[in-house]
Amino acid sequence: MNRTRSILASLARRMPAIVAGAGLLAVWSAAVRLLQIEPYVLPGPEETLRALWLGWGHGRLYAPALFTIQATMAGLFIGCFLGVALGILAGEIEPIGKMFYPLVVGIQAMPLIAIAPLLVVWLGIGIESKIFMVAQLCFFPTFVSTIAGMRAAGPELLDLYRTFDAGRWHTLRNVRLPAAASFIFGGLQISVVLSLIGCVVAEFVASTSGLGALVKSLSGDLDVAMMFAAILSLGIMGAIGGLTVRWLHRRLAFWEFEQPQRSAKSRQQKASR
Amino acid sequence: MNAARSALWPAAAVAAVVLIWQLAVWYLALPSHLLPSPVNVGRRLSGGLMGGDMWPDIGATVAGALAGYTIGAVAALVLAAVLVELPILDRALQPYILAFQAIPKVAIAPLIFIWVGFGLESQVILVVLIVFFPLFLNSYLGLSGVDRNLLDLYKVFSAGRLHTFVNLRLPAASPQIFIGLQIAVAFSLTGCVVMEFLTGTRGAGFLIVNASNSLDAETAVAAMVVLGAIGVLGTQLVRIIERRVVFWHCNPNEAAAVAVSS
């Protein structure tokens, strides 16, 4: 009884969103039909769904999507691993942090994707140039947020550990890293978004496969429905990536989610920093 | 004095990187179509800037980025304000805005190209789409994160909606809005460059693609340096404006570091 009520309540809360979504789809479909918009300009939602179905069922999207997923994941892992590892190093060793932190903050203000054509010259049109692109894009936000996180540990706690003669490793594991967790995961969340952008742009420039290359070549055929399907697939990948990072955050830094009020507050503090 | 000292370390790091780069090119005898030496890039850069053959491209990119940035910023701020003021619209649209955020916006570039064609318009549209999310998200978080007690206080004194918005919400949100504005600078250049990669006939992105295709790495790297410099200058400019506008709030140094990004 209680359960049905809570389901109904959550449904009522979502009502505006459901109505808006249904309305949007209806307007889209009706506009395409009534105004007789050509499918190579704007396909209706039905055509898009069909393209999605055909693309995944008959394999037109399958191979490019696999390529993009592989390149993105490989680059994401390399970039984020290096970012976190070097970020910890720079947080532990003061001169390195002093040297590179402002530099890297400056680099973040630059459009790093501009290097894509040169990467193709260096590494070829295969998957290597995409992996490198993604890795270098993901490195910087992870690095910067890890360093910022390493500075976030409370000085009282650090003093306490120092007083009791705790070793560097011990302090890192028990004080600094837990304090840095929310920063690191914030950086990872940004990296997920950037990773797909990087991969798609690198595929635009020159590629043997991938969804970015597919979208580009489909635009030559004016197959807009399939383009929608490919772009939607990219969006789904992005959403899955983002949700995975959030899940990991909950798993690994569970203490931040234990008291909802407090975690909301700390999130706000983080956002305003 | 203090500022000079804190600038010393990063300056040393830059010098070290350039030095290693130059030495690597010398000792490994790298061909200049792969990795040009910094000296040659510098020569090409000064030639392009003094001689003026780079200015039209730089101008095209900056114009596209600036137009898209401005439109995107206004649109994001207006939408965030509307959603914060009208909760029902907020509940209706928020999930879709967040879902759209998951799509890498650059993937839409070929679509824009089909719909709008070559030229400045397509560039501006892509830039608007790309800068919209970091700006919207930060504005929204800022505008909705106002202290409840203050809101209640305004309500108790029966302040009007507009009055509350202008005098309470907007000032309280401005630090966060400026974080979005800072992040969006690099994003706007990214959008421009991607469009130029795809359809370019002009612009810094076109310069890079074109030069890479003809193995003229010097020009490509020089154009990248210019883009980087524009990004840094633009971000600094936003920071200076921030310090003027939000003078009561001072954490400009690390704002960009851990911000809510797109």
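Residues numbered from 1 in each chain as written. Chains lettered and ligands numbered in written order. Predicted model: local features only at pLDDT ≥ 70, side-chain atom pairs only at ≥ 80, totals over all residues. Heavy atoms only, no water.

## Points about the overall build of chain B
Next up, step 1: For chain B, the count of helices and strands is 10 helices and zero strands.
Next up, step 2: Dimensions of chain B, computed from C-alpha atoms along their principal axes, come out at roughly 75 × 55 × 30 Å.
Next up, step 3: A buried classification covers 49% of the 262 residues belonging to chain B.
Next up, step 4: A sequence separation of at least 24 residues applies to 72% of the contacts in chain B between residues at least 6 apart.
Next up, step 5: Carbon together with sulfur atoms contributes 71% to the accessible area of chain B, which is approximately 12,400 Å² in total.
Next up, step 6: Of the side chains in chain B, 13 bear a positive and 12 a negative charge, and the two mean positions are spaced by 7 Å. (Helix = DSSP H or I, 4+ residues; strand = E, 2+ residues; numbered from the N terminus. Buried < 20%, exposed > 50% of the residue type's maximum accessible area, 1.4 Å probe, protein only. Contact = heavy atoms within 4.5 Å. Areas by Shrake-Rupley, 256 points an atom, 1.4 Å probe, with all protein chains shown as cover. Lys, Arg positive; Asp, Glu negative; His and termini not counted. Charge placed at Lys NZ, Arg CZ, Asp CG, Glu CD.)

## Here we look at the overall build of chain A
Next up, step 1: Along its length, chain A carries 12 helices and zero strands.
Next up, step 2: Listing every helix and strand of chain A by position from the N terminus yields α-α-α-α-α-α-α-α-α-α-α-α.
Next up, step 3: Expressed as lengths along the three principal axes of its C-alpha atoms, the size of chain A is roughly 75 × 65 × 30 Å.
Next up, step 4: For chain A, buried positions account for 46% of its 273 residues.
Next up, step 5: Restricting the contact set of chain A to residue pairs at least 6 apart, pairs at least 24 apart contribute 73%.
Next up, step 6: On chain A, the mean spot of the 23 positive side-chain charges and the mean spot of the 14 negative ones are 8 Å from each other.

## Some remarks on unusual backbone geometry
Next up, step 1: One non-glycine residue with positive phi stands out, namely A:Gln36, at about 50°.
Next up, step 2: Mapped onto the elements, A:Gln36 comes out in the loop between helix H1 (2–34) and helix H2 (45–57).
Next up, step 3: Unusually for a residue other than glycine, B:Leu215 sits at a positive phi of about 55°.
Next up, step 4: Here B:Leu215 shows up in the loop between helix H9 (204–213) and helix H10 (217–245).

## Some remarks on the interface of chain A and chain B
Next up, step 1: Opposite the 61 residues of chain A that make contact, chain B presents 60 residues.
Next up, step 2: Among the residues chain A hides against chain B, the three largest losses belong to A:Met99, A:Pro111 and A:Leu118. Together they make up 11% of the total.
Next up, step 3: At the boundary of chain A and chain B, one finds zero salt bridges.
Next up, step 4: Our count for the chain A to chain B interface comes out at three residue pairs in polar contact (both at pLDDT 80 or more).
Next up, step 5: Those elements that provide at least two residues to the side of chain A that touches chain B are H1, helix H4 (94–107), helix H5 (116–123), helix H6 (127–150), helix H8 (168–205), helix H9 (211–221), helix H10 (224–252) and helix H12 (260–272) of chain A.
Next up, step 6: Residues belonging to the side of chain A that touches chain B are distributed by class as follows: 46 nonpolar, nine polar and six charged. (Buried area = accessible area lost by both parts, 1.4 Å probe. Salt bridge = Lys/Arg side-chain N within 4 Å of Asp/Glu carboxyl O. Polar contact = N/O pair within 3.5 Å; in protein donor to acceptor, adjacent residues only side chain to side chain. Nonpolar A, V, L, I, M, F, W, Y, C, P; charged D, E, K, R; others polar.)

## Considerations on a nonpolar patch on the surface
All names here are of chain B.
Next up, step 1: A contiguous nonpolar surface patch, about 540 Å² in accessible area, is contributed by Val74, Val78, Val82, Leu86, Ile88, Leu89 and Leu93.
Next up, step 2: Looking at the nonpolar patch, the elements that each hand over two or more residues are helix H3 (55–85) and helix H4 (87–102).
Next up, step 3: Tracing the sequence through the fold places Val82 in helix H3.
Next up, step 4: Classification of Val82 as partly exposed rests on a relative accessible area of 31%. (Patch = residues over 30% accessible without salt bridge, like charges linked within 9 Å, V, L, I, M, F, W, Y side chains within 5 Å.)

## Quick word on the pattern of salt bridges
Next up, step 1: Applying the stated criterion across every chain yields a total of nine salt bridges over all chains.
Next up, step 2: Residue B:Arg44 pairs with B:Asp53 through a salt bridge whose shortest N-O separation is 3.2 Å.
Next up, step 3: Take B:Arg44: its relative accessible area is 21%, and that puts it in the partly exposed class.
Next up, step 4: Judged by its relative accessible area of 44%, B:Asp53 falls in the partly exposed class.
Next up, step 5: Residue B:Glu85 pairs with B:Arg169 through a salt bridge whose shortest N-O separation is 3.5 Å. Highlighted residues: B:Glu85 in helix H3 and B:Arg169 in helix H8 (residues 161–199), separated in sequence by 84 residues. Exposure class is identical for B:Glu85 and B:Arg169. Each is buried.
Next up, step 6: What emerges from the salt-bridge pattern is a single network uniting A:Arg33, A:Glu46 and A:Glu47.

## Here we look at the packing of aromatic side chains
Next up, step 1: Tallied over the entire structure, the rule returns 10 aromatic pairs over all chains.
Next up, step 2: Aromatic pair A:Phe139 and A:Phe140: ring centres 5.1 Å apart, planes at 80°, arrangement edge-to-face. For the pair A:Phe139 and A:Phe140, a shared accessibility class is recorded, and that class is buried.
Next up, step 3: Aromatic pair A:Phe254 and A:Trp255: ring centres 5.4 Å apart, planes at 80°, arrangement edge-to-face.
Next up, step 4: Judged by its relative accessible area of 45%, A:Phe254 is partly exposed.
Next up, step 5: Taken together, the ring pairs in this structure connect B:Phe100, B:Phe132, B:Phe133, B:Phe136 and B:Tyr140 into an aromatic cluster.
Next up, step 6: When the ring centre of B:Phe100 is taken as reference, the NZ or CZ atom of B:Lys105 above it lies at 5.6 Å. (Phe/Tyr/Trp six-rings, centres within 6.5 Å; stacked < 30°, edge-to-face > 60°. Lys NZ or Arg CZ within 6 Å of the ring centre and 35° of its normal.)

## Re H4(B)
Next up, step 1: Between its first and last C-alpha, H4(B) extends 23 Å over 16 residues, near the 22 Å set by a 1.5 Å rise per residue.
Next up, step 2: At B:Leu93, H4(B) is bent by approximately 40°, the largest bend along its length, and proline B:Pro95 sits one to four residues beyond.
Next up, step 3: For H4(B), the secondary structure elements touched by its buried residues are H1 and H10 of chain A together with H3 and helix H6 (120–144) of chain B. (Expected span 1.5 Å × (residues − 1). Bend = angle between axes of the 7 residues up to and from the residue.)

## Section: the environment of B:Ala73
Residue and element names in this part refer to chain B.
Next up, step 1: Within the secondary structure, Ala73 sits in helix H3.
Next up, step 2: Of the residues examined, Ala73 reaches a relative accessible area of 18% and is grouped as buried.
Next up, step 3: Residues Ala73 and Gly180 lie 107 residues apart in sequence; the distance between their C-alpha atoms is 8.9 Å.
Next up, step 4: Aside from chain neighbours lying at most four places away, what touches Ala73 is Leu135 and Leu181.

## A word on the packing of H3(B) against H8(B)
What describes two packed helices is the angle between their axes and the distance between those same axes.
All names here are of chain B.
Next up, step 1: Contact geometry of H3 with H8 gives a least axis separation of 8 Å together with a crossing angle of 145°. The element H3 and its partner H8 pack so that their crossing is right-handed. Seen from H3, the contacting residues are Thr61, Gly64, Ala65, Tyr69, Ala73, Leu77, Ala81, Val84 and Glu85; seen from H8, they are Arg161, Phe165, Arg169, Ile177, Leu181, Ala184, Val185, Ser188, Leu189, Cys192 and Glu196.
Next up, step 2: Within the contact of H3 with H8, the residues separate by chemical class into 13 nonpolar, three polar and four charged. (Axes fitted to C-alpha atoms, helices over the stretch in contact; angles between N-to-C directions. Left-handed = near helix turned anticlockwise from the far one by under 90°.)

## Some details on the packing of H10(A) against helix H5 (residues 109–116) of chain B
Next up, step 1: Direction vectors running N to C along H10(A) and H5(B) enclose 150°, while the axes themselves pass 10 Å from each other. Judged by the angle between their axes, H10(A) and H5(B) are roughly antiparallel. Every pair of crossing elements has a handedness; the one defined by H10(A) and H5(B) is left-handed. Counting all contacts with H10(A), which are made through A:Val224, A:Met227, A:Phe228 and A:Ile231, the residues of H5(B) involved are B:Pro110, B:Leu111, B:Ile114 and B:Trp115.
Next up, step 2: Class assignment of the residues belonging to the contact of H10(A) with H5(B) gives a composition of eight nonpolar, no polar and no charged. (Parallel < 35°, antiparallel > 145°, perpendicular 65-115°, else oblique.)

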